[in-house]
Amino acid sequence: IADAADRVAVGGAAESFDLTALDPANLALIAETMGQGEVSLKMRGKPAVAAQESVFAGVWVLTGVGVNRIEVAPIPTLARARAFNPDRPAIGVLAGRKAGVVNAPAIFAELIDKSLVFADGAEPHVVNLTLLPHTEEDLGWLDEAMGQGSVTILSRGYGNCRITATAQANVWRVQFYNSMDTLILDTFEVTGVPEVAIAAPEDLADSARRIREVLEAIR
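Quick caveat: nothing in here was measured; it's all calculated off a predicted structure. (Residues numbered from 1 in each chain as written. Predicted model: local features only at pLDDT ≥ 70, side-chain atom pairs only at ≥ 80, totals over all residues. Heavy atoms only, no water.)

A.B. asks: Which parts of the structure should I look at to understand the pairing of strand 4 (residues 59-64)?
C.D. replies: Within a regular strand, the side chains alternate between the two sheet faces. The pairing of strand 3 (residues 49-53) with strand 4 spans five bridges and is classified as antiparallel. Of the residues in strand 4, the one forming a bridge with Glu 53 is Trp 60. Taken together, strand 4 and the strand that follows it, strand 5 (residues 67-72), pair antiparallel across an intervening segment of two residues, in which Gly 66 is found at a positive phi of about 75 degrees. (Pairing = 2+ DSSP bridges. Helix = DSSP H or I, 4+ residues; strand = E, 2+ residues; numbered from the N terminus.)

A.B. asks: I tried to follow the packing of helix 4 (residues 104-117) against helix 5 (residues 136-146) on my own but got confused; where do I start?
C.D. replies: Angle between the axes and distance between the axes are the two parameters that describe a pair of packed helices. It is at 9 Å that the axes of helix 4 and helix 5 come closest, and there the two elements cross at 35 degrees. When the axes of helix 4 and helix 5 are compared, the crossing they make is right-handed. From helix 4, Ala 104, Pro 105, Ile 107, Phe 108 and Leu 111 reach across to helix 5, where they touch Asp 138, Trp 141, Leu 142, Ala 145 and Met 146. For the contact of helix 4 with helix 5, the per-class residue count stands at nine nonpolar, no polar and one charged. (Axes fitted to C-alpha atoms, helices over the stretch in contact; angles between N-to-C directions. Left-handed = near helix turned anticlockwise from the far one by under 90°. Contact = heavy atoms within 4.5 Å. Nonpolar A, V, L, I, M, F, W, Y, C, P; charged D, E, K, R; others polar.)

A.B. asks: When you look at the environment of Glu 123 in this model, what are you seeing that I'm missing?
C.D. replies: Note on placement: Glu 123 falls in the loop between helix 4 and strand 6 (125-128). Exposure remark for Glu 123: the relative accessible area of 70% places this residue in the exposed category. The spatial distance from the C-alpha of Glu 123 to the C-alpha of Gly 37 is 26 Å, given a sequence separation of 86 residues. (Buried < 20%, exposed > 50% of the residue type's maximum accessible area, 1.4 Å probe, protein only.)

A.B. asks: Just checking my understanding: could you explain the pattern of salt bridges for this structure?
C.D. replies: If the charged atoms of two oppositely charged side chains come close together, the side chains can form a pair. With the rule as written, the count across this model stands at nine salt bridges. Among the ionic pairs, Asp 3 bridges to Arg 212, the shortest N-O distance being 2.7 Å. Linking Asp 3 in helix 1 (residues 2-9) with Arg 212 in helix 6 (residues 201-218), this pair joins segments that are 209 residues apart in sequence. Take Asp 3: its relative accessible area is 46%, and that puts it in the partly exposed class. Of the charged contacts in the structure, one is a salt bridge between Arg 44 and Asp 87, with a shortest N-O distance of 3.6 Å. Here Arg 44 is found in the loop between strand 2 (39-43) and strand 3, whereas its partner Asp 87 is found in the loop between helix 3 (77-82) and helix 4, with 43 residues between them in sequence. Judged by relative accessible area, which is 24%, Arg 44 ranks as partly exposed. With a relative accessible area of 47%, Asp 87 lands in the partly exposed category. (Salt bridge = Lys/Arg side-chain N within 4 Å of Asp/Glu carboxyl O.)

A.B. asks: Looking at this structure, how should I read the layout of surface pockets?
C.D. replies: Using a probe with the size of a water molecule, rolled over the atoms, empty space left in the structure can be pinpointed. A volume near 290 Å³ is recorded for the largest pocket. Lining the largest pocket are 16 residues; nearest its centre among them are Arg 80, Thr 191, Val 193, Glu 195 and Ile 198. Estimates place the volume of the second largest pocket at around 240 Å³. Forming the walls of the second largest pocket are 13 residues, and the residues nearest its centre are Ile 30, Thr 33, Ile 211, Leu 215 and Ile 218. Broken down by secondary-structure element, the contributors of at least two residues to the lining of the second largest pocket are helix 2 (24-34) and helix 6. Taken together, the residues of the lining of the second largest pocket break down into ten nonpolar, two polar and one charged. (1 Å grid on protein atoms, 1.4 Å probe; cavity = no way out; pocket = protein on both sides within 12 Å on 5 of 7 lines; lining within 4 Å. Points joined across faces, edges and corners; volume = space filled by probe spheres on them.)

A.B. asks: What exactly am I supposed to notice about helix 5 here?
C.D. replies: Because an α-helix completes one turn every 3.6 residues, residues spaced three or four positions apart along the sequence face the same direction. Those residues of helix 5 that fall on the buried side of the exposure criterion are Asp 138, Leu 139, Trp 141, Leu 142, Ala 145 and Met 146. All buried residues of helix 5 project into a common sector of 165 degrees when viewed along the axis, lining one side. Contacts made by the buried residues of helix 5 are with helix 4, strand 9 (171-177) and strand 10 (183-190). Of the residues one or two after helix 5, Gly 147 is the one with positive phi, at around 65 degrees. (Arc of directions from axis to C-beta.)

A.B. asks: So what exactly am I meant to see when it comes to the packing of helix 1 against helix 6 here?
C.D. replies: For the pair helix 1 and helix 6, interaxial distance at closest approach is 8 Å and the crossing angle is 160 degrees. Taken together, the axis directions place helix 1 and helix 6 in an arrangement best described as roughly antiparallel. Pair helix 1 / helix 6 crosses with left-handed handedness. When helix 1 is examined against helix 6, the residues Ala 2, Asp 3, Ala 5, Asp 6, Val 8 and Ala 9 are found in contact with a partner set consisting of Pro 201, Leu 204, Ala 205, Ala 208, Ile 211 and Arg 212. (Parallel < 35°, antiparallel > 145°, perpendicular 65-115°, else oblique.)

Don't take any of this as a statement about function, it's just geometry.
Below, the structure is given as C-alpha cells:
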C-alpha cells in the first residue's frame, strides 16, 4: 500500500488490494492500522458500496456485499464511475414552476452551459448560492431540475462539508456547515469531483511515508 501511494502520488493509476482472503486476525490488524480519516462516501448501485478514507489520505477502505478492499487513489474510482448515474433523474425545465421561482431557471441555464463544455482537468466553475438572491422555491426547483446522482460525500473538519452528485453530468451540490451544523456556504460546483474530497499528490506521498513508519513500529 505504501509503494502504491508513492506511485499514485506521481500520477500513477489507482491501485486496489482485495482483503476478502484475510483471516479475522489480519483483518483486525488492517482495520486498526487504517483507522478512520475525515472523508466518507456512499455510492449507490449494485452493489451499494461505502468508502471510508483511512487516517492515511488517499487510502480508502471500501465495503459492501462481496466487497472488502483497500484502494489507493485521490478518490475511489467507483465514485467517479457512478457519480452522475441518476438515483432521481434530472428533469430540467420540466420541473414544476411554482410561484416564488425567480432566479432558479437562470442559475440552471448557467450550470447546464458549464456542464456541457466541462473537460477533465479544467478549473471548477462555482455558483455560490449564498451570495446570490434566491427564494426557498428557487432551491426546491433547482433540486427537482438537477435530480440526484448516486454518490454522496461527507468531509469532516472544523465543520462538515456535504457533497452530493446531481444527475446532471459534472454538477455537484457542495454545502459547508459550521460546528453547530448551521449552513454557512451553499454552492453548485461544475467539476469532475470537488477538490475538498480529493487527496492531493503531496498527501499521498505523506501517506506512503507514514505507513512505512507504522509498519516499522508494528513489526
